[in-house]
Amino acid sequence: ILVKPVSVTRIAGRYLAHQEGLPKLPVPPLQQTCEHYLAALTPIMDPEELNHTRKLLEEFQKPGGVGERLQKGLEQRAKKMENWLSDWWLQTAYLDYRMPVVVHSSPGVVLPRMEFSDRQGQMRYAAKLIAGVLDFKSMIDNETLPVEYLGGKPLCMNQYYQVLSSCRIPGTKRDTVVNYTLDKRPPTHITVVHNFQFFVLDVYNSDGTPLTVDQIYIQLEKIWNSSLQTNKEPIGILTSNHRNSWGKAYNNLIKDKTNKESVRAIQKSIFTVCLDAPMPRVSDDMYRTCAGVQMLHGGGSRWNSGNRWFDKTLQFIIGEDGTCGLIYEHAPAEGPPIVSLIDHVVEYMKKSEMVRTPMVPLRMPQKLRFHITPEIKKDIEEAKQNMNIMVHDLDMKVSVFSHFGKDFPKSQKMSPDAFIQISLQLAYYRIYKRCCPTYESASLRMFRLGRTDTIRSTSIDSDKFVKAMDDPNTEKVALLDKAVKAHRAYTDMAIRGQAIDRHLLGLKLQAIEDLAALPEIFMDTSYAVVLHFNLSTSQVPAKTNCVMCFGPVVPDGYGVCYNPMDTHINFAVSAFDSCQDTNAARLAQALEDALLDIKTLLEQTPKAKL
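Residues numbered from 1 in each chain as written. Predicted model: local features only at pLDDT ≥ 70, side-chain atom pairs only at ≥ 80, totals over all residues. Heavy atoms only, no water.

As recorded in an unreviewed UniProt entry, the protein chain goes by the name Carnitine O-acetyltransferase, listed as coming from Sinocyclocheilus rhinocerous. Annotation of the protein chain in UniProt includes, under Sequence similarities (unreviewed entry), the sentence "Belongs to the carnitine/choline acetyltransferase family." (UniProt positions renumbered as here; feature names shortened; annotations may be inferred.)

Asks: Residue-level account of the UniProt feature "binding site: CoA" (unreviewed entry) in the protein chain, with values.
Replies: The feature "binding site: CoA" (unreviewed entry), as given by UniProt, occupies K406, K410, S411, Q412, K413, M414, S415, P416, D417, S443, R488 and Q539 in the numbering adopted here. Spanning 134 residues, the named residues are also spread out in space, since their farthest C-alpha pair is 25.5 Å apart. In contact with P416, other than residues within four places in its own chain, are K406, P409 and K410. Judged by relative accessible area, Q539 falls into the partly exposed class, the value being 26%. Those residues in contact with Q539, other than ones at most four positions away along the chain, are D417, E440, Y562 and P564. (Contact = heavy atoms within 4.5 Å. Buried < 20%, exposed > 50% of the residue type's maximum accessible area, 1.4 Å probe, protein only.)

Asks: Now, about the confidence of the model for the protein chain: what can you tell me, with residues and values included?
Replies: Low pLDDT marks regions whose predicted coordinates should not be analysed in detail. The share of residues in the protein chain with pLDDT of 70 or more is 96%, and the mean pLDDT across the chain is 91. Within the protein chain, no element has a lower average pLDDT than helix α1 (residues 14-20), which sits at 73, and none a higher one than helix α14 (residues 416-432), at 97. In this model residues 1-12 is a low-confidence stretch, pLDDT under 50, and it forms 26 contacts with partners more than four residues away in sequence or in other chains. (pLDDT = per-residue confidence, 0-100. Helix = DSSP H or I, 4+ residues; strand = E, 2+ residues; numbered from the N terminus.)

Asks: Residue-level account of the packing of aromatic side chains, with values.
Replies: Applying the stated criterion across every chain yields a total of 17 aromatic pairs. Centroid distance F136 to Y160: 6.0 Å. Interplanar angle 45 degrees. Geometry classified as tilted. You can see F136 sitting in helix α6 (residues 119-141) and its partner Y160 sitting in the loop between β3 (153-154) and β4 (166-169), a full 24 residues away along the chain. When sorted by exposure, F136 lands in the same class as Y160, which is buried. Centre to centre, the rings of W246 and Y250 are 5.4 Å apart; their planes meet at 80 degrees, and the pair counts as edge-to-face. One end of the pair, W246, and the other, Y250, are both in helix α8 (residues 243-253), 4 residues apart, so they sit about a helical turn from each other. Each member of the pair, W246 as well as Y250, is classed as buried. Put simply, the rings of F198, W246, Y250 and W309 touch in pairs and so form one group of aromatic residues. Above the plane of the ring of W88 lies R77, whose end atom (NZ or CZ) is 3.6 Å from the centre. Cation over ring: R502 sits above W89, and NZ or CZ is 3.7 Å from the ring centre. (Phe/Tyr/Trp six-rings, centres within 6.5 Å; stacked < 30°, edge-to-face > 60°. Lys NZ or Arg CZ within 6 Å of the ring centre and 35° of its normal.)

Shown next as structure tokens:
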């Protein structure tokens, strides 16, 4: 009932053979997780609370006790299922989550600014981009997508099969995801939105060949010319509301047959293209930040927030002023597959068009109609107000750190990711004089249907280093080296399926499934604190000079995403204005200072000491 099962039998091509060769996600040993959990708590809890938790963990691990029973239950589940975690994770992390997907869940991606500033340029670019995505789709459809590897091990490619022709569907208590790729007649259209009006654009000819760039351009021109009026109700803004409110509004909206058909056409489409109105002009140093919020929420109801269908898995955003990027609904996939799609499309768009366009007249793209009752109008007004509150509350800073990139940490034989994470720990510590729970996503794609686990960047070693960094009397380099190595070690543990977060979640959900009393370790203050991620971070490397951005996951936290290039690093830092204690620009600046200070530290220390 929840979602179409993910493990669908596809044409037994390379995809299936490849997937079956992947190992299943392991269940880590109970004692190991308990030990690592205590270590993770050490830098963030006071000794008294830590002691209390230690006792609870001892109790939990007793032979024949609760922990052992739940562990056995999990191990049974792992035997029976393709992946013991993936369904649970999809539900708890996404579909049960009731905050709006905008800002709180869906990441945006800012692409380099384009050189056009008029509708012709905008539509030319959109046409090439659409052709590029269709080119990527043909690799998915023919199962010729090159398999990705991490440290010599093949990765699960399932997420690539989930991002096209799929959509989230709101419910009043929980959402679902539908995927139309496996229908008897898979979708052959995309949705294009302009001035809040939605159009169905068929992107394949009757013989199954994709339209050429010129043909797509002609069709986009027709769409543009038949959506010039700007006084339309922004029906798409409904998708930005709190999930329960949108679920109610949705049920009400689709009572009407026309509305239901229009909504279905959007949900079924391969992806959505948003042709945006230009944003207010800003200075060059503010440009990236404005583009970032443009991708995350569209700038509010007066700008482009209604020019979206936020439940759609993939939406490409192309502004008349050259601002380009995308936003994706997070339930079906993580950042890396999305980024490799972007990398492919960007490369594709550099090629010149060789195909001669057949001179066949094309059908007019179909405009989707909506009947707006007074009740729906009221829902739209409510969604507008909530969106504008969100827009005012998001504090964002997108910046390019230009002093060095991956090249410097590599020259020091250090992992660039660990180097950046330890710098972030230092930046946070300098502002708040304390360490905080930090989430960095680790890919579990070495395993069948693997999603993510948490790399806990705050460690006993990072804690020692950040406290020593500004104390003139300590030997810092050795501490830095230990902190970087500890981060590297935790990362390796996480990608091998041995981290603690998903295991603890599994034990907790197993207890709920068994209808047993919730073990005390999950009612403990420590458990609440350790899951309150003041820093929610992600490295999303791309060949393209882009950066992903997302909102914080707690009211007093930060979202930090970065793309380390060879000689520079793209950063996006977000916070909420409603929190007096956080400030995105301040953390971004502190991070820049920390990166430079650590570099100086390493350069001032003679190599012999290392």
